[in-house]
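# Topology and contacts: notes
Given next are the chains, with one letter for each unit.
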Amino acid sequence: MSTAAVAPVMDLAQWVEGTEHQRRDFALRLRRVCHEIGFFQLVNHEIDEDFMRKVTGMTRAIFKLPTEVKQSIAKEKSPQFRGWEALGTERTNGRVDFREQVDTWSDCEPVSEDPEHPDYYQLYGPSQYFSDDVLPGYKALTREWMERCRRTGDILLTAMAAALELPEDHFVNMFGPLDRRMNLTKFIHYPGSKTGQHGVNAHKDTAFVTLLYPQGPGLEIQQQNTGKWLPVETVPGAFVVNLGEMLQSITGQYFVATPHRVRTTRERYACAYFHGAHLDLDLRTQLPLAKHFLDAVSASDFHRNAKFMALKEETDAGVDDMGSSHVPKTFGEQLWNYFTRAYPGIVAKHYGGAAGGGSAADAAGAKRQQVLDVVEGGDARHGSGHAGGRRARL
C-alpha cells in the first residue's frame, strides 16, 4: 500500500501561508485524514533541517554515553517520571518494550502537597538533564526542541479546530496557559531485535497529538476495519503525526487514536513530542460539534465502538489491552493511569507501593532483567527500589 494511503502527506505551509481557498482545502483534507486514518506525515513544519540534525545528533550521542553516566539522570530517581530508563523499564500492554529512552516533560513549578489536591498534581516539577560537561548544550537544545514542537503543535491545532468548524483558537485556549501545560519529549533508542520482540508494543498514545521524527523504518499502524498492520514509509524531513486518546475522547470519537507499534531488527533512533494540556482539563465535556459530525460517528461501527487503553485493573480482570470504555475525568488522571500501567516499579518506590505494590514491581523488575540479560549478557546493575515516603493514593 502506498505512503499516501497509509500515512498521507500534509503540507503545513498550505495552512500557514496559503490563500483562503488553500487553507480551506487543507482543513477539509485534515478532517478526512483524522477521521479515517488518525495518522499523517507533516512537511514544511517550520523546523529547519539544520536544527533537526542537531537534535538527531544529540539523540545518538545520549545513548553512546556509558551506562553509569546515563544513570545520573535515571528515571527511577524522579517522582515525576522524568529521565533516562534502561532497556525493559517501560511496559506497554503489560509487555516489556525493547528500547531505552530519555523522557523530558515541561518544567513546571511543583505544587505543594495538600490532601485536597488530586494525586496528579505531583506530576508538576522539574525534569532531569545531563550537565554541559557530559553533553554540551543538552538542556538548552532539549528545551528549544520542545518549544519549537509546541509551536508546531499549536499551529496544527488551529487547523484541526477549523476542520471541526470551531474557532481556530478553540484548542489553544482550551489547553490553558503555557506554564501549566504538560508536554513530553522522548529521545528513543531501539537496539533492534533479531527475535522479533517489539521495540514498543501495540498501543494508542495517551495525550492529544504526537509529532514523531523517526530515524529508520519500523513504525507500523493498524488499519481501520481490517485490523491489518501496515508499515509507514517515512518521508525525509517530515514529522509523522498521530492523534492520541484524549483527542478521540473530546471529539466524541470523530477523530480517532490509531493503534501503532515499532518492530525492527535494525538499530533505530527516534525523537518524539507529545502535545499536552494543563492537568485539570476536563475530558468529560465534549466539543460543541455540529450534528453532522455526531451523525458520522453514529453511522460508523468503527468510530462508535472505538475504545481506549485499558487500566491496569481492567487488564488484570481480562479486559482487552485496547478495549476499555473508561474515560478519565481530567488529563491529569489520564497521565496517572499511564504511569501506573507503564512504571509499576517507579510508582512503588516513590508512592509507597500503590497501584499493585511490591509484587507488581517485582514482576516488572524480573521481566526487565530478562531483556537486559539478552542485551548485556546479564550485566545489569539497575535496582528497583520499594521505599515509600510519598502519598499513595493512586
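Above this note sits the structure.
Here, residues in each chain are numbered from 1, in the same order as that chain's written sequence. Side-chain atom pairs in this predicted model are given and counted only at pLDDT of 80 or more, local residue features only at pLDDT of at least 70, and totals for whole chains, interfaces and linings cover all residues. The side-chain quantities take in all heavy atoms of the structure and omit both hydrogens and water.

## Re the overall build of the protein
Applied cut-off: Going along the chain from the N terminus, every DSSP run of H or I of four or more residues is numbered as a helix, and every run of E of two or more is numbered as a strand. Only protein chains enter the accessibility calculation, which uses a 1.4 Å probe. A residue is then buried if its area is under 20% of the maximum for its type, exposed if over 50%, and partly exposed in between. Per-residue accessibility takes into account occlusion by the displayed protein chains alone, with areas from the Shrake-Rupley method and a 1.4 Å probe.
Across its full length, the protein holds 14 helices and 14 strands. Expressed as a percentage of the 394 residues in the protein, the buried residues total 57%. With an accessible surface of roughly 16000 Å², the protein has 50% of that area assigned to carbon and sulfur atoms.

## Quick look at the packing of aromatic side chains
Let me state the cut-off plainly: Geometry of aromatic contacts follows a simple scheme: Phe, Tyr and Trp rings, the Trp one being its six-membered ring, pair when their centres are within 6.5 Å, and the pair is stacked under 30 degrees between planes, edge-to-face over 60, tilted otherwise.
Throughout the structure, instances matching the rule amount to 22 aromatic pairs. A ring pair is formed by Phe-63 and Tyr-269, whose centres lie 6.4 Å apart and whose planes are at 40°; its orientation type is tilted. On the criterion of sequence distance, the pair formed by Phe-63 in the loop between helix H4 (49-62) and helix H5 (67-70) and Tyr-269 in strand S14 (residues 268-275) is long-range, its members being 206 residues apart. Residue classification places Phe-63 among the buried residues on the basis of a relative accessible area of 8%.

## Side note on the environment of Lys-77
For the record, the criterion: Any two residues whose heavy atoms approach within 4.5 Å at even a single point are treated as in contact. Pairs of N or O atoms within 3.5 Å make up the polar contacts considered here, provided that, within protein, one atom can donate a hydrogen while the other can accept it, and that residues adjacent in sequence are counted only when both atoms are side-chain atoms.
Turning to its location among the elements, Lys-77 is positioned in the loop between H5 and strand S3 (83-85). With relative accessibility at 46%, the residue Lys-77 sits in the partly exposed group. The residues touching Lys-77, leaving out its near neighbours within four places in the chain, are Gln-71, Ser-72, Gln-128 and His-350. Side-chain polar atoms of Lys-77 contact the backbone oxygen of Ser-72, separated by 3.3 Å.

## What about the nonpolar core?
Formally: Residue types Ala, Val, Leu, Ile, Met, Phe, Trp, Tyr and Cys, when buried and joined through side-chain atoms within 4.5 Å, form a set referred to as a nonpolar core.
In this structure, Phe-40, Trp-145, Met-160, Phe-171, Phe-208, Phe-239 and Phe-331 are the most contacted members of the largest nonpolar core, which totals 103 residues. Per-element accounting of this core gives the leading share, 11 residues, to helix H6 (residues 138-163).

## Some thoughts on the sheet that holds strand S7 (residues 184-190)
The criterion, for reference: In short, DSSP must find at least two bridges between two strands for them to pair. The axes used here are C-alpha line fits, helices contributing only the stretch in contact, and every angle between their N-to-C directions lies in the interval 0 to 180 degrees.
Taken together, the 8 strands give an open sheet; going across it, the order is S1-S2-S12-S9-S14-S7-S6-S3, and neighbouring strands pair in mixed fashion. For this open sheet the edge positions go to strand S1 (9-11) and S3, each flanked by a neighbour on one side alone. The mean inter-strand angle of the sheet, taken between neighbouring strand axes irrespective of direction, is 25°. Helix H3 (residues 20-36) rests against S1, strand S2 (39-43) and strand S12 (239-243) of the sheet, and its axis sits at about 150° to S1. In the packing of H6 onto the sheet, contacts are made with S2, strand S6 (100-105), S7, strand S9 (209-215), S12 and S14, and the angle to S14 comes to roughly 55°.

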